[in-house]
Amino acid sequence: MTQVQALADGLLAERQPPRAAQAATKTDGFWNAGHRPTLIAAFLYFDLAFMVWVLLGPLAPIISKDLGLTPAQKGLMVAVPTLAGAVLRLVNGVLVDRIGPKRTGAIGQIIVIVGLLSAWAFGVSSFAGTLAVGIVLGFAGASFAVALPLASRWYPAEHQGKAMGIAGMGNSGTVLASLFAPVLARIFGWSAVFGLAAIPLIIVFVIYMAIAKDAPDQPAPKRFAEYLAVLKEVDAWWFMLFYGVTFGGFVGLAASLSIYFTDQFALTPVIAGYCTAACVFIGSLVRPIGGGVADKIGGITTLTIVYSVAAATLVAISTNPGSLVVALGLFLLVMATLGFGNGAVFQLVPQRFRKEIGVMTGLVGFGGGIGGFYLASSLGFAKQYTGSPASGFLIFAGLAAIALLGLLSVKHRWRSTWGDVAGVRI
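Residues numbered from 1 in each chain as written. Predicted model: local features only at pLDDT ≥ 70, side-chain atom pairs only at ≥ 80, totals over all residues. Heavy atoms only, no water.

So, on to the overall build of the protein chain. Looking only at helices and strands, one finds 20 helices and zero strands in the protein chain. Here the contacts in the protein chain between residues at least 6 apart in sequence split such that 86% fall between residues at least 24 apart. Working note: accessible area of the protein chain is about 15500 Å², and carbon and sulfur atoms make up 70% of it. (Helix = DSSP H or I, 4+ residues; strand = E, 2+ residues; numbered from the N terminus. Contact = heavy atoms within 4.5 Å. Areas by Shrake-Rupley, 256 points an atom, 1.4 Å probe, with all protein chains shown as cover.)

Shown next as structure tokens:
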């Protein structure tokens, strides 16, 4: 506890005056424009939450063998946490605006920790049990709607891409799950992994409570009907679609690739986990780069490239390459592309909906979760009913093409209306 307090004291020493973020100008460096301890806390919270959110993915080959699950059941097992996270992001989006992001995040972390310890203590022995665990893990996925506004509200418009990118890089936690979950499962058994995962979550919870702070310009609480009012804005629906493709593709693949590599190339769960970790790592690494590039050349231009490359790559994957090297290369490319796009989407959202960033983060995150649920579950159903996941990849490529066409249809209106008001490149 002394070491944790020392870390907290050191980070708090860097704290800017409460109104620093509001007074920042375009001449301020990024690291001096906001509140570094909160940005670090948001990243750590997001990172560990994402680690457990996709925990069933790398464990799926082992769990499905022990429980005798069908391909469709495997797909649903890894997809349910994504769906639960999507729905709970809407709840968190409202709570963030009403009670603040720090308190909302604390509640979610406690629920996940208790849920994991319960799964470890009582065990999981059926398909229904895996779905119950998946729902609990959805609270970890809902961290998205907390970590991003927690960080975003401390930073001015010209640094939104970087701030959201760094906080959002917490999706790299999926790398930890892919690397360590299969190894720990082989040593201790897969049920024990749930209990082991709670240990780092508890450590991060203590750090989070010590150093994270809500920004001083929290919006006044709204009536519930006012939160729904944002859905009257067509731009909200566009952002949900755009993120449904970029983040939905990223998290859907993160949850499904271990199954894909074991089924298609007969890899062991551990080796499949390493392959998945490589793909997830590259997608997480480039997220802040995508936000930074979007700050420079505009989110619209960045996403135009992203959707074009993603659609083409997914079509190539749908041909079921027979070489592991080729397949891995294609997945590395598409995950990097989608991760880049995640940063670009959230360069745009705060410019258009700054006052509603809490509820919009929840709504856009909901769109991303729905996209991930669809991709992960469709791959399982495609495998069961056609003998190949190819049609799942091909249909998602079509969704990327639809997102591209939608982006091209709104770019002139966006640039001539709220883009000019934002004062930054979109």
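Judged by nonpolar contacts, the single largest core of 125 residues is most densely connected at F194, F239, Y307 and F331. Looking at this core element by element, the count peaks at 17 residues for helix α13 (residues 234–265). Apart from residues no more than four positions distant in its own chain, Y307 is found in contact with F242, Y243, V245, T246, V345, A400, A403, L404 and L407. (Core = buried A, V, L, I, M, F, W, Y, C linked by side-chain atoms within 4.5 Å. Buried < 20%, exposed > 50% of the residue type's maximum accessible area, 1.4 Å probe, protein only.)

Glancing now at empty space enclosed by the protein. Where empty space is left in the structure can be found by rolling a water-sized probe over the atoms. The final tally for this structure, using the stated rule, is three cavities of 30 Å³ or more. Of the pockets and cavities examined, the largest cavity occupies roughly 150 Å³. Taken together, 15 residues form the lining of the largest cavity, with I259, Y260, D263, L379 and G380 sitting closest to its centre. Top contributing element to the lining of the largest cavity by residue count: α13, with five residues. Classifying every residue of the lining of the largest cavity by side-chain character gives eight nonpolar, four polar and three charged. A volume near 100 Å³ is recorded for the second largest cavity. As for the second largest cavity, its lining consists of 13 residues, of which Y45, A49, Q109, V112 and L201 are closest to the centre. Listing elements by their share of the lining of the second largest cavity, those giving two or more residues are α3 (36–53), α6 (101–122), α7 (127–141) and α11 (190–211). (1 Å grid on protein atoms, 1.4 Å probe; cavity = no way out; pocket = protein on both sides within 12 Å on 5 of 7 lines; lining within 4 Å. Points joined across faces, edges and corners; volume = space filled by probe spheres on them. Nonpolar A, V, L, I, M, F, W, Y, C, P; charged D, E, K, R; others polar.)

Among the structural elements, S256 can be located in helix α13. Since its relative accessible area comes to 7%, S256 is described here as buried. Side-chain polar atoms of S256 contact the backbone oxygen of G252, separated by 2.8 Å. Setting aside chain neighbours within four positions, we find S256 in contact with V78, A376 and L379. (Polar contact = N/O pair within 3.5 Å; in protein donor to acceptor, adjacent residues only side chain to side chain.)

This part takes up the packing of helix α4 (residues 56–67) against helix α10 (residues 173–188). Two numbers describe how α4 lies on α10: the axes approach to 8 Å, and their chain directions differ by 30°. The orientation of α4 with respect to α10, classified from their angle, is roughly parallel. The element α4 and its partner α10 pack so that their crossing is right-handed. Between α4, through P58, L59 and I62, and α10, the contact on the second element is made entirely by A177, S178, A181, P182 and A185. (Axes fitted to C-alpha atoms, helices over the stretch in contact; angles between N-to-C directions. Parallel < 35°, antiparallel > 145°, perpendicular 65-115°, else oblique. Left-handed = near helix turned anticlockwise from the far one by under 90°.)

Attention now moves to the packing of α6 against α11. Between α6 and α11, the least distance of the axes is 8 Å, while the angle of their chain directions is 155°. On the basis of their axis angle, the class for α6 and α11 is roughly antiparallel. Here α6 and α11 pass one another in a crossing that is left-handed. Only S191, A192, F194, G195, A197, A198, L201, I202, V204, F205, Y208 and M209 of α11 make contact with α6, whose side of the interface consists of P101, K102, G105, A106, Q109, I110, V112, I113, L116, L117, A119 and W120.

Glancing now at helix α17 (residues 324–352). Taking 1.5 Å per residue, 29 residues should reach 42 Å; α17 reaches 42 Å between its end C-alpha atoms and fits that length. Its side-chain oxygen at 3.3 Å from the backbone nitrogen of V325, S323 defines the N-terminal cap of α17. (Expected span 1.5 Å × (residues − 1).)

Considering the arrangement of structural elements, one finds R89 in helix α5 (residues 71–99). Of the side chains bearing the opposite charge, D47 lies closest to the buried R89, which forms no salt bridge; the N-O distance is 13 Å. A polar contact of 2.9 Å, which involves the side chain of R89, links it to the backbone oxygen of G141. Those residues in contact with R89 that sit more than four places away from it in its chain are F50, W53, G141, A142, F144, A145, F247, G362, G365, F366 and G369. (Lys, Arg positive; Asp, Glu negative; His and termini not counted. Salt bridge = Lys/Arg side-chain N within 4 Å of Asp/Glu carboxyl O.)

This part takes up a nonpolar patch on the surface. Taken together, the side chains of I187, F188, L196, I199 and I203 define a hydrophobic patch exposed on the protein surface, amounting to about 490 Å² of accessible area. For the nonpolar patch, the secondary structure elements donating two or more residues are α10 and α11. Ranked by residue count, the leading element in the nonpolar patch is α11, at three residues. Along the chain, I203 falls in helix α11. (Patch = residues over 30% accessible without salt bridge, like charges linked within 9 Å, V, L, I, M, F, W, Y side chains within 5 Å.)

Per the stated rule, a full pass over the model turns up 27 aromatic pairs. With 5.8 Å between their ring centres and 20° between their planes, W238 and F242 make a pair best called stacked. In this pair, W238 and F242 both sit in helix α13, four residues apart, roughly one turn of the helix. Between Y260 and F331, the aromatic rings sit 5.0 Å apart at their centres with planes inclined by 75°, giving edge-to-face as the arrangement. Remark: F331 occurs in helix α17 and Y260 occurs in helix α13; sequence separation between them is 71 residues. Taken as a pair, Y260 and F331 share a single burial class, namely buried. Following the ring pairs from residue to residue traces out a cluster consisting of F46, F50, W53, F144, Y243, F247, F250 and F346. One Lys or Arg, R352, reaches over the ring of F353 and ends 4.4 Å from the middle of that ring. (Phe/Tyr/Trp six-rings, centres within 6.5 Å; stacked < 30°, edge-to-face > 60°. Lys NZ or Arg CZ within 6 Å of the ring centre and 35° of its normal.)

What follows is about the pattern of salt bridges. Summed over the entire model, instances satisfying the criterion amount to five salt bridges. We note a salt bridge from D235 to R413, for which the minimum N-O separation is 2.7 Å. Highlighted residues: D235 in helix α13 and R413 in helix α19 (residues 390–416), separated in sequence by 178 residues. For D235, a relative accessible area of 1% translates into the label buried. Through salt bridges that share partners, E233, D235, R352 and R413 make up one connected network.

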